[in-house]
Amino acid sequence: ARPTMAFLVVAAAVATGDTAMAPWLAGVGSLLVQTHLSLAPLVAAMVAAAALLAWPARRHAGAPAWRRPLAWTAGVLALAWVLPVVEQFTSPSRGNLSRLAGAATEAEASIVGPTRAVRIVAEATVVRPWFTRSSYEDAVPLTPGGAPLPDTVGLVPALLVVAGLVAALVAVAVAARRARQSAVATLATVAVVALTVEVVALARSPVNPTGIAVHGMRWLWPVAALATATLVAALLVLLRAHRSWGRRALLGVAALVLAIAVANLPTYASRSWGPVALTAELPAARDLVADLDALDGRGTVLFDPVGLRYAEPYSGLVLAALQDRGVPFVFDDEVLIRQFGEGRRHRDEATLRLWQVEGPDAADPPPGAERVAYAEHDDGPVALLVEPIA
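The rules behind each value
Residues numbered from 1 in each chain as written. Predicted model: local features only at pLDDT ≥ 70, side-chain atom pairs only at ≥ 80, totals over all residues. Heavy atoms only, no water. Buried < 20%, exposed > 50% of the residue type's maximum accessible area, 1.4 Å probe, protein only. Helix = DSSP H or I, 4+ residues; strand = E, 2+ residues; numbered from the N terminus. Arc of directions from axis to C-beta. Contact = heavy atoms within 4.5 Å. Axes fitted to C-alpha atoms, helices over the stretch in contact; angles between N-to-C directions. Parallel < 35°, antiparallel > 145°, perpendicular 65-115°, else oblique. Left-handed = near helix turned anticlockwise from the far one by under 90°. Phe/Tyr/Trp six-rings, centres within 6.5 Å; stacked < 30°, edge-to-face > 60°. Lys NZ or Arg CZ within 6 Å of the ring centre and 35° of its normal. Pairing = 2+ DSSP bridges. Core = buried A, V, L, I, M, F, W, Y, C linked by side-chain atoms within 4.5 Å. Right-handed = clockwise from strand over helix to strand, strands pointing away.

Attention shifts here to helix 12 (residues 282–290). Listing the buried residues of helix 12 in full gives Ala284, Ala285, Leu288 and Val289. Each buried residue of helix 12 sits inside an arc of 130 degrees when the element is viewed along its axis, so together they form one side. Residues of helix 12 that are buried in the fold lie against helix 13 (315–325), strand 4 (370–377) and strand 5 (380–388).

As C-alpha cells, this is what we get:
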C-alpha cells in the first residue's frame, strides 16, 4: 500500500507540471505493475492522466524543459523492463509478457463484477474508514467467487457514498480552478480519476481460487487516503483566508493525523485472510529448515513438488535455505522450472529425490524414505523426505 500511495503522490506532482518527478513516476509505476498485476489499470490510467494534466502547465516551457526529464524517464523504464523484455525474446517457450497478454485476452474466469466492486469501494473508503486499524481486516470478507458479499454495505447506499465522494471532489476541482488554486484543482482531478479507475479495475478483477480476498486489492486504501487528503487540503485552503481559523484548523488536522498515526503503529496483527494468515506456521517452518544439515555434502537434490497443497508456507523457505547452505537443487516440474529458470532443470545430475509431506506420513515415513527434517504445528507435523535416485 505504501508504494501505491507514493505513486499517487508522484502522479499528482507530475500532473501539476513538475516534470522532474516523471522518472519517479515511471520507476514506482513499474515497481507496482511488476509486483502485482492488479495495479496495472490504476498505473496506466494515472500515468495518462498525469501526462494530460501536465501538458497545459508545461507546454509554454518548450522542448528543452522536457528533454532532460524525458531522458531520465526513458532510462528508468529501460532499467525497470530490460529483464522482462530479454526474457521474452530468449525464453525457450512463451515469454512472461506473451503469457500475460494471452491471459488478458483469453476466456475470463469469474470476476468481482460492478455491484460487488462499488460495495467494496464504499466499505473500504467511508463505511469502515480506511484509516482505522480494522478496516483492512473487516472491509472485504473472504467470499467465494459467485457468492454475495456478506456483512457489507448495500448497493444503493454504496452508490450514494461513491457518487457523493466523486461529486465532492469534482466540486473541489471546479471551485479551486475558479479561485486560481491550480494545485488543489489538479489534486482533486487526480483523485477523481483514481476513484473512477479503482471501481472499474476492481469490477474487472478476476476472483482467485480462494475467492474474493482483500490482499488482491490493497490499492483501495491509498486511493481512499488520497481522496481524503484532497478534501482536507481544500478545507485548509478555504480556511486560510481567515488567519485565526486557518491556524486552528491546521493544528486540529495535525493533531488528528498524529493520533491516527500513533493508533496505527505496527503493533497490530491483522487477521485478514491472505499471506498474513500463515504467520502462525512460521515457527514450524523455521524448525523444519534448521534440520537441513543432513543434506550438506550429499550432492544435487531433485525437489519433487508432489503432494504440495495450495499456498502451503514451507517449500519456499526450504528452497531458500537450500540455496543459502549451498546445496544444489534442480526440478523436473515445468512450473517450477518456469519460476526458477532453465538453470534449475534436472539433467540427470541429481543423486537424491526430496519431497515434502504433511500429516501422518510426516510422522511415519514410508519404507525406503529417509526423513531429513521434521517440525510440528497446530494442524499436524511436516517433514522433508529423501530417497536415492537410481
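Another point: the packing of helix 1 (residues 2–15) against helix 10 (residues 220–239). Viewed as axis vectors pointing N to C, helix 1 and helix 10 meet at an angle of 40 degrees, and their least axial separation amounts to 8 Å. As summarised for this structure, helix 1 and helix 10 are arranged oblique, according to the angle between their axes. When the axes of helix 1 and helix 10 are compared, the crossing they make is right-handed. Along its contact with helix 1, which presents Thr4, Met5 and Leu8, the element helix 10 presents Pro222, Val223, Ala225 and Leu226.

This brings us to the packing of aromatic side chains. Counting across every chain of the model gives four aromatic pairs. Considering the side-chain rings of Phe329 and Phe340, the 6.3 Å spacing of their centres and the 85 degrees angle between planes classify their relative orientation as edge-to-face. Remark: Phe340 occurs in helix 14 (residues 334–340) and Phe329 occurs in strand 2 (residues 329–330); sequence separation between them is eleven residues. You can call Phe340 partly exposed: its relative accessible area is 37%. Residues Phe331 and Phe340 carry aromatic rings whose centres are separated by 4.9 Å and whose planes lie at 40 degrees to one another, so their mutual orientation is tilted. An aromatic cluster is built from Phe303, Phe329, Phe331 and Phe340, whose rings are joined through pairwise contacts. Across from the ring centre of Phe329, 3.9 Å away, lies the NZ or CZ of Arg344, which sits over that ring.

What follows is about the side chain of Asp304. Looking at the element boundaries, Asp304 is found in strand 1 (residues 301–304). Look at Asp304 and you get buried, because its relative accessible area is 19%. Every residue in contact with Asp304, bar those within four places of it in the chain, is listed here: Arg353, Leu354 and Trp355.

Before going further, it helps to spend a moment on the sheet that holds strand 1. What the five strands build is an open sheet, ordered 2-1-3-5-4; its pairing is mixed. What marks the edges here is a single partner per strand, and that holds for strand 2 and strand 4. When strand 1 meets strand 3 (residues 352–358), the two strands line up parallel, connected through four bridges. Within the sheet, the bridge partner assigned to Leu302 lies in strand 3 and is Arg353. Those strands touched by helix 12 are strand 4 and strand 5, and its axis lies near 160 degrees from that of strand 4.

Ile120, Leu202 and Leu220 are the most contacted members of the largest nonpolar core, which has 51 residues in total. Elements with a contribution of two residues or more to this core: helix 1, helix 2 (22–35), helix 3 (40–58), helix 6 (114–127), helix 8 (155–178), helix 9 (182–204) and helix 10. At ten residues, the largest contribution of residues to this core is made by helix 9. Ignoring sequence-local partners within four residues, the contact set of Leu202 consists of Val112, Ala117, Ile120, Val121, Met217, Trp219 and Leu220. Val289, Ala321, Phe331 and Leu352 belong to the second-largest nonpolar core, a separate cluster that totals 26 residues.

Taking every second residue as pointing to the same face, both faces of strand 1 are buried, with Val301 and Phe303 on one and Leu302 and Asp304 on the other. Where strand 1 lies against strand 2, two bridges are found, and the strand directions are parallel. Note that in strand 2 the partner of Val301 across the bridge is Phe329. With helix 13 bridging strand 1 and its parallel neighbour strand 2, the resulting β-α-β unit is right-handed.

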